[in-house]
Amino acid sequence: MRRVTLFVNGTSRNGKVVAVYGTLADLLSVASTKLGIRATSVFTGKGGLIDDITLIRDDDVLYVSEGDTFVAPLREPEVSQFQCHAHTDWLTLNVGGRCFTTTRSTLVKEPESMLNHMFGNKDVWGNKQDDQGAYLIDRSPDYFEPILNYLRHGQLIVNDGINLLGVLEEARFFGIERLAEQLESVIRGLSFSGADLSRLDLRYINFKMANLSRCNLTHANLCGTNLERADLSSANLDGANLQGVKMLCTNAEGASLRGCNFEDPAGLKANLEGANLKGVDMEGSQMTGINLRVATLKNAKLKNCNLRGATLAGTDLEVRPQLPGSGSGSRRESTKVRARTVICLDVTSRKQTCVVPM
C-alpha cells in the first residue's frame, strides 16, 4: 500500500494523507471526500498530469483540481523565530564558555549597540551556534554579566572582585555608551592599586586623581587617557600606548615606562607638565613632541629615548655639569635645564644639543 499527501490545486495548506489503492477513479473519489471538492484531475508537484495510478509513488505530494489547469502552490512567507516571538523569544548565549539565557527584547534594548545588530535581525551577522544551539560570543563572561544585567533592568550592578575597567571595556566593545559613561563616572577617584590592567583598551578613560600605584599596565592602550593628578607610583607601563595622554601633575615616581610610545602621528602631544617622574625608567621610549614643562626627572633613566621637539622648560633633569671656574676637585651641584625646546637630547652621554635658551 502506498500513501500520498493530497492538496487542493494551488495551495499547500490543509493537506490530507490517504492510501492509494484501486484505480485512478478511486483516488479521485477519495480526494473529493477528503478535500471537499469535485476532484477530476491529479498533478505532480511540478505540474505533470497523472493519468495512470501506477505512476504514483509512496509519499508523493499531489495536487487535485476540479478540472482547471495546474496552479503552483503559493509559497508561504517564511517567518523567522525572531518575528514569531518578538518579545518572548528566549535565547542562550555562550560567552567565553559560560551560558547566559535571556530574551531577544533584552539584547536589543540599546538600538546602536552591537548586540542589537547581532540579534535585531536574524542572521544579519551570521551568528555562530554551538552544538546546543547557543550563540557563540568570544568575550569575557565575568565582564559580560554586568552588561546583561544592565540591559535587563537599567541598573549598574557589579559583583565584588569584578574589575570595573574590564566591564567598561566590554561596554565600549558592545557600543553601550550610556553604560560606559556611568562606569567612567564611577571609576573617577577609585583605587586600582596593584591591579592587573595589562593589555586592556583604556582609551580616553578619565582616571583623574585615581590611585593606580603598583598597577600592571604593560602594553595597555592609554591613548588620550586622562591621568591628571593620578598616582602611578611604582606602576609598570612597559610597552604602553600613551599617545596624547594627559598626565598633568601625575605622580609616577619609580614607575617603569620602558618602550612606551608617546608620539601621536595626528599631532596630539602627550602632556606631562608638572609630573613627578623621579626615578622613572623610560628607556627606549618614543617621546617626540612631549610636554615635560616643569616636570621632575631626577634620576630618571632616559637611555635611547627620542625627545625630538620635546618641551623641557623648567624641567629638572638632574644634570650635573662642571660649574664655570671650578677646578678638577670642585664641588658639583644639581642644576635645572631651562629651555623652551630641545631638538635632540643625548641623555646617554649627558650632553644637550640644539638647546634654545630662555
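Residues numbered from 1 in each chain as written. Predicted model: local features only at pLDDT ≥ 70, side-chain atom pairs only at ≥ 80, totals over all residues. Heavy atoms only, no water.

Student: For this particular structure, what's the right way to read the overall build of the chain?
Tutor: When its secondary structure is counted, the chain shows seven helices and nine strands. Considering the chain as a whole, with its 358 residues, one finds that 42% of them fall into the buried category. Of the contacts made within the chain by residues no fewer than 6 positions apart, 36% connect residues no fewer than 24 positions apart. (Helix = DSSP H or I, 4+ residues; strand = E, 2+ residues; numbered from the N terminus. Buried < 20%, exposed > 50% of the residue type's maximum accessible area, 1.4 Å probe, protein only. Contact = heavy atoms within 4.5 Å.)

Student: Help me understand the packing of aromatic side chains in this model?
Tutor: Centre-to-centre distance and the angle between the planes together describe a pair of aromatic rings. Under the defined criterion, the tally for this structure stands at eight aromatic pairs. Measuring from centroid to centroid gives 5.6 Å for F43 and F70, while their planes differ by 50°, and the two rings are tilted. In this pair, F43 sits in strand β3 (residues 41-43) while F70 sits in the loop between β4 (61-65) and α2 (81-84), placing the two residues 27 residues apart along the sequence. By relative accessible area, which is 7% here, F43 ends up buried. Ring geometry for F100 versus F144: centroids 5.4 Å apart, planes at 65°, classification edge-to-face. With a gap of 44 residues between them, F100 in strand β6 (residues 98-103) and F144 in helix α5 (residues 141-153) connect regions that are remote in the sequence. (Phe/Tyr/Trp six-rings, centres within 6.5 Å; stacked < 30°, edge-to-face > 60°.)

Student: Explanation requested: unusual backbone geometry in the structure shown.
Tutor: Most peptide bonds adopt trans geometry, and most residues besides glycine take a negative phi value. Phi at S234 takes a positive value of approximately 60°, unusual for a residue other than glycine. Take S234: it is sitting in the loop between α7 (177-187) and β8 (339-346). Despite not being glycine, N299 has its phi angle at roughly 60°, a positive value. Considering the arrangement of structural elements, one finds N299 in the loop between α7 and β8.

Student: Sorry if this is basic, but what is going on with the pattern of salt bridges here?
Tutor: Where charged atoms from two side chains of opposite charge come close, those side chains can pair. The full count for this structure, using the stated rule, is 10 salt bridges. Residue R178 is joined to E110 by a salt bridge in which the shortest nitrogen-to-oxygen separation is 2.7 Å. Here R178 is found in helix α7, whereas its partner E110 is found in the loop between α3 (104-107) and α4 (114-119), with 68 residues between them in sequence. For R178, a relative accessible area of 51% puts it in the exposed group. The salt bridge involving R293 is made with E273; its shortest N-O contact spans 3.3 Å. Separated by 20 residues along the polypeptide, R293 in the loop between α7 and β8 and E273 in the loop between α7 and β8 bring together distant segments of the chain. On the basis of relative accessible area, E273 is assigned to the partly exposed category, the value being 24%. One connected set of salt bridges, linked through shared partners, spans R98, D142 and E145. (Salt bridge = Lys/Arg side-chain N within 4 Å of Asp/Glu carboxyl O.)

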